[in-house]
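Structural features, examined
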Amino acid sequence: MMADQPFTHPRWGPGSLLPEEMSSPPGYSPIAQGEIRKAELRDRDGRLVGHVWTDDKQAAGFLPAEKAGSAGTTAASYVWVLMTECAARDVPASELLDPALYMPDYELRA
């Protein structure tokens with residue numbers, strides 16, 4: 001057994017399994033072109049899990065709350081899928097702060 005050898009694999013390296021913070025799904029830019037509007041995203045128990053943001057033009061994304069822990073990660077995944085689907089349907093970034101998009105799993109408070 002080669003336990004003393006560094007991990008090598010043609011597809012997987014030591015850095016490939018590290019988490020990466022993503023702020024904007026495909027279809028919306030991660031770089032705001034102006035003033036940003038944001039709204040609190042809360043779970044069903046009313047706990048803050050993060051903020052949905054948009055510049056009302058081309059940019060949008062999600063910023064998990066620092067103390068949200070795994071609930072923030074779950075919310076980030078939910079928002080990522082929702083925004084990816086919205087972008088595929090050409091929903092303008094300005095409409096991403098519509099609370100109806102996040103119900104019933106989350107409450108968006110603008």
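Conventions we followed
- Position labels on residues start from 1 in each chain and follow its written sequence.
- Local features are withheld for residues below a pLDDT of 70 in this predicted model, meaning they are given only at 70 or higher, and side-chain atom pairs are given and counted only at 80 or more; totals for whole chains, interfaces and linings count all residues.
- Side-chain metrics in this entry use all non-hydrogen atoms of the structure; hydrogen atoms and water are not considered.
- What counts as a helix is a DSSP run of H or I of at least four residues, what counts as a strand is a run of E of at least two, and both are numbered from the N terminus.
- Summary of the burial criterion: residues with accessible area below 20% of their type's maximum are buried, those above 50% are exposed, and those between are partly exposed, where the area comes from a 1.4 Å probe applied to protein chains only.
- Note on contacts: a residue pair is in contact if any heavy atoms of the two residues lie within 4.5 Å.
- Computed with a 1.4 Å probe, the accessible areas rest on the Shrake-Rupley method; for each residue, only the protein chains presented here act as cover.
- For the purposes of these results, a polar contact is taken to be a pair of N or O atoms within 3.5 Å, where, inside protein, one atom must be able to donate a hydrogen and its partner to accept one; residues adjacent in sequence count only when each atom of the pair is a side-chain atom.
- Salt bridge, as applied in this entry: a Lys or Arg side-chain nitrogen positioned within 4 Å of an Asp or Glu carboxyl oxygen.
- For this analysis, a ring pair means two rings from Phe, Tyr or Trp (six-membered ring only for Trp) whose centres lie within 6.5 Å, classed as stacked if their planes differ by under 30 degrees, edge-to-face if by over 60, and tilted for the remaining angles.
- Residues grouped as a nonpolar core are buried Ala, Val, Leu, Ile, Met, Phe, Trp, Tyr and Cys residues, joined through side-chain atoms within 4.5 Å.
- If DSSP finds at least two bridges between two strands, the strands pair.

1. Concerning the overall build of the protein
- The helix and strand inventory of the protein stands at 1 helix and 4 strands.
- Ordered by position from N to C terminus, the α and β elements of the protein give β-β-β-α-β.
- Out of the 110 residues belonging to the protein, those deemed buried represent 31%.
- Taking the intrachain contacts of the protein between residues at least 6 apart in sequence as the baseline, contacts between residues at least 24 apart amount to 50%.
- Counting only carbon and sulfur atoms, one obtains 55% of the accessible surface of the protein, whose full area is about 7600 Å².

2. Considerations on the side chain of Thr54
- Along the chain, the position of Thr54 falls in strand β2 (residues 48-54).
- Polar side-chain contacts of Thr54 include one of 2.9 Å to the backbone oxygen of Ala59.
- Here the side chain of Thr54 touches Ala93 through a polar contact of 3.1 Å, landing on its backbone oxygen.
- With sequence-adjacent residues up to four places away left out, Thr54 is seen in contact with Glu35, Ile36, Arg37, Ala59, Ala60, Ala93, Ser94 and Leu97.

3. Structural notes on the pattern of salt bridges
- All told, the structure shown has 6 salt bridges when counted by the stated rule.
- One salt bridge in this structure joins Asp56 and Arg37, with 2.7 Å as the shortest N-O distance. Placement of Asp56 in the loop between β2 and β3 (60-64) and of Arg37 in strand β1 (residues 37-42) is noted, with a sequence separation of 19 residues between them.
- The partner of Arg47 in a salt bridge is Asp43, and the shortest N-O contact between them spans 2.8 Å.
- Where salt bridges share partners, they join Asp43, Asp45 and Arg47 into one cluster.

4. A look at the packing of aromatic side chains
- A complete count under the given rule lists 1 aromatic pair for this structure.
- Each ring, one from Tyr78 and one from Tyr106, has its centre 4.9 Å from the other, and the planes form 55°; the classification is tilted. Here the residue Tyr78 occupies a position in helix α1 (residues 70-88), and Tyr106 occupies one in the loop between α1 and β4 (107-109), the gap between them amounting to 28 residues.

5. Digging into the nonpolar core
- Formed by 22 residues in total, the largest nonpolar core has its most connected members in Tyr28, Leu41, Val52, Met83, Leu96 and Tyr102.
- Every element with two or more residues in this core is listed here: β1, β2, β3 and α1.
- Per-element accounting of this core gives the leading share, 6 residues, to α1.

6. Notes on the environment of Glu95
- For Glu95, the location among the structural elements is in the loop between α1 and β4.
- Between the C-alpha atoms of Glu95 and Asp56, which are 39 residues apart in sequence, the distance is 7.7 Å.

7. Considerations on the pairing of β3
- Here β2 runs beside β3; their pairing, made up of 5 bridges, is antiparallel. The partner of Thr54 across the bridge, within β3, is Ala60.
- Once β2 ends, the chain turns through 5 residues before running back antiparallel as β3, passing Asp56 with a positive phi of about 65°.

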